[in-house]
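# Residue-level structure breakdown
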Amino acid sequence: MIHFDCVPEPPDFDREVRQKGEDWLAKNPDKKRPRDLWSPFRKHLADGFQNLCGYSAMFEPIGTVDHYISCHQDRTKAYDWANYRFASAWINSSKRADDQILDPFEVGDEWFEVELLTFSLVPQIEKIPSSEIEKVKQTQQKLNNEVIVRQRREWYRTYADGEISLDGLEKKAPLVARAIRKRLIELT
């Protein structure tokens, strides 16, 4: 994970999503899943995240609007722009309400590194506040699954095979690029 800045709320979000959504919630208190009014704003969210998944920190061409605090946990957050993160669909759908995953808006930018031998996400414990360690462990477990490790390995391969420059890799998989830069410095 890397740190992302909060994405400014689009000008028409309040009218098109928040107001209509709050009205929908009031009229449908028994519905489990709130009506999706947020998807038309996915592109704006993706732009704010530079088309990187907020959790894997890798290029995501499609992505979804993730409710950081799930609708099951707090329905009142369903139409709250500040609760949205851009995420890969499978990460979004695999998050459970009881998961304690770090917030991309609150994670420190240097809390994690990618280890180039295994392509695993490794926490930099000395840089992480002790109050966040449990979330760090759960986040590390979620983000070291086979799918994400394979993605990291593939981004590394595209660089190693000359298909993408290191500067280009920085835009598509910044943690992999940082690991390469660190290795290059160590070798000099």
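Quick note: structure is the one above.
The residue numbers shown here count from 1 along each chain, following its written sequence. A pLDDT threshold of at least 70 governs which residues receive local features in this predicted model, and a stricter bar of 80 or more applies before side-chain atom pairs are shown or counted, although totals over entire chains, interfaces and linings include all residues. Water and hydrogen atoms were dropped before computing side-chain values, which therefore reflect all heavy atoms in the structure.

### A few points about the overall build of the protein chain
- Secondary structure follows DSSP: runs of H or I at least 4 residues long count as helices, runs of E at least 2 residues long count as strands, and numbering of each begins at the N terminus. Summing up its helical and strand segments, the protein chain has seven helices and four strands in all.
- The order of α-helices and β-strands along the protein chain, N terminus first, is α-α-β-β-α-β-β-α-α-α-α.
- Radius of gyration means the value over C-alpha atoms here, while the globule rule gives 2.2 Å times the residue count to the 0.38 power. Scaling as 2.2 N^0.38, a compact globule of 188 residues should have a C-alpha radius of gyration of about 16 Å, and the protein chain matches this with 18 Å.
- With the C-alpha coordinates of the protein chain rotated into their principal frame, the extents come out at 65 × 35 × 25 Å.
- For every residue, the accessible area (1.4 Å probe, protein chains only) is compared with the maximum for its type, and the residue is labelled buried under 20%, exposed over 50%, or partly exposed between those bounds. Split into buried and exposed, the 188 residues of the protein chain put 44% on the buried side.
- A contact between two residues is defined here by any heavy atoms of the two lying within 4.5 Å. A separation of at least 24 residues holds for 64% of the contacts in the protein chain among residues at least 6 apart in sequence.
- Each accessible area is a Shrake-Rupley result for a 1.4 Å probe, and residues are judged covered by the shown protein chains and nothing else. Carbon together with sulfur atoms contributes 51% to the accessible area of the protein chain, which is approximately 10,300 Å² in total.
- A positive count includes Lys and Arg, and a negative count includes Asp and Glu. His and the chain ends are not counted in either. Think of each charge as sitting on NZ of Lys, CZ of Arg, CG of Asp or CD of Glu. Taking the 29 positively charged and 32 negatively charged side chains of the protein chain as two groups, their mean positions are separated by 4 Å.

### Thoughts on the pattern of salt bridges
- The salt bridge definition used is simple: a Lys or Arg side-chain nitrogen within 4 Å of an Asp or Glu carboxyl oxygen. Within this structure, the stated rule accounts for 16 salt bridges.
- Notably, a salt bridge pairs Arg15 with Glu16, separated by 2.3 Å at the nearest N-O pair.
- Here Glu170 ties to Arg181 by a salt bridge, and the two come within 3.4 Å at their closest N and O atoms. Of the two residues, Glu170 sits in helix H6 (residues 166-172) while Arg181 sits in helix H7 (residues 174-187), which places them eleven residues apart along the sequence.

### Some thoughts on the pairing of strand E3 (residues 112-115)
- Here E3 shows a clear split, with Phe112 and Val114 buried on one side and none of Glu113 and Glu115 buried on the other.
- Two strands qualify as a pair provided that DSSP identifies no fewer than 2 bridges between them. As defined by bridge partners, E3 adjoins strand E4 (residues 120-123) across four bridges and the pair is classed as antiparallel. Counterpart to Glu113 in the pairing with E4 is Val122.
- Taken together, E3 and the strand that follows it, E4, pair antiparallel across an intervening segment of four residues, in which Phe119 is found at a positive phi of about 60°.

### Focus: helix H5 (residues 146-160)
- Compared with an ideal rise of 1.5 Å per residue, which puts 15 residues at 21 Å, H5 spans 21 Å between its outermost C-alpha atoms and is within 8% of the ideal.
- Along H5, the residues that are buried comprise Ile148, Val149, Arg152, Trp155 and Thr158.
- Tucked into the core, H5 has its buried residues touching helix H3 (89-94), E3, E4, helix H4 (133-142), H6 and H7.
- What qualifies as a polar contact is a pair of N or O atoms within 3.5 Å, subject to a donor-acceptor requirement within protein and to the restriction that residues adjacent in sequence count only when both atoms come from side chains. Here H5 starts with a cap whose side-chain oxygen sits 2.9 Å from the backbone nitrogen of Val147, and that cap is Asn145.
- Count one or two residues on from H5 and you reach Gly162, which has phi positive near 75°. Helix span, expected: 1.5 Å multiplied by one less than the number of residues in the helix.

### As for the packing of H5 against H7
- Here, axes are lines fitted to C-alpha atoms. For helices the fit covers the stretch in contact, and angles between N-to-C directions go from 0 to 180 degrees. Contact pair H5 / H7: the axes reach a minimum separation of 10 Å and the direction vectors enclose 55°. Here H5 lies oblique to H7, going by the angle between them. As H5 runs across H7, the sense of the crossing is right-handed. Packed against H5, whose contacting residues are Arg152, Tyr156 and Tyr159, the element H7 presents Val176, Ile180 and Leu184 at the interface.
- Here the term charged refers only to Asp, Glu, Lys and Arg, the term nonpolar to Ala, Val, Leu, Ile, Met, Phe, Trp, Tyr, Cys and Pro, and the term polar to all other amino acids, Gly among them. Residues of the contact of H5 with H7, tallied by class, amount to five nonpolar, no polar and one charged. Throughout, the term roughly parallel applies to angles under 35 degrees, roughly antiparallel to angles over 145, roughly perpendicular to angles from 65 to 115, and oblique to all others. Crossing handedness is read from the near helix: turned anticlockwise from the far helix by less than a right angle, it gives a left-handed crossing, and turned clockwise, a right-handed one.

### Regarding the nonpolar core
- Residues belong to one nonpolar core when they are buried, are Ala, Val, Leu, Ile, Met, Phe, Trp, Tyr or Cys, and are joined through side-chain atoms within 4.5 Å. If you look at the biggest cluster of nonpolar residues, it comprises 54 residues, and the most contacted ones within it are Leu45, Tyr55, Tyr79, Tyr84, Phe112 and Leu169.
- When contributions to this core are tallied by element, the ones reaching two or more residues are helix H1 (13-27), helix H2 (42-48), strand E2 (84-87), E3, H5, H6 and H7.
- No other element matches the five residues that H7 contributes to this core.
- The contacts of Tyr79, once residues within four sequence positions are left out, are Phe13, Val17, Arg18, Gly21, Glu22, Trp24, Leu25, Pro34, Arg35, Leu37, Trp38 and Tyr84.

### Notes on unusual backbone geometry
- Phi is positive for Gln50, which is not a glycine, with a value near 55°.
- By the element assignment, Gln50 lies in the loop between H2 and strand E1 (64-67).
- Its identity is not glycine, yet Ala57 carries a phi of approximately 55°, on the positive side.
- In this structure, Ala57 sits in the loop between H2 and E1.

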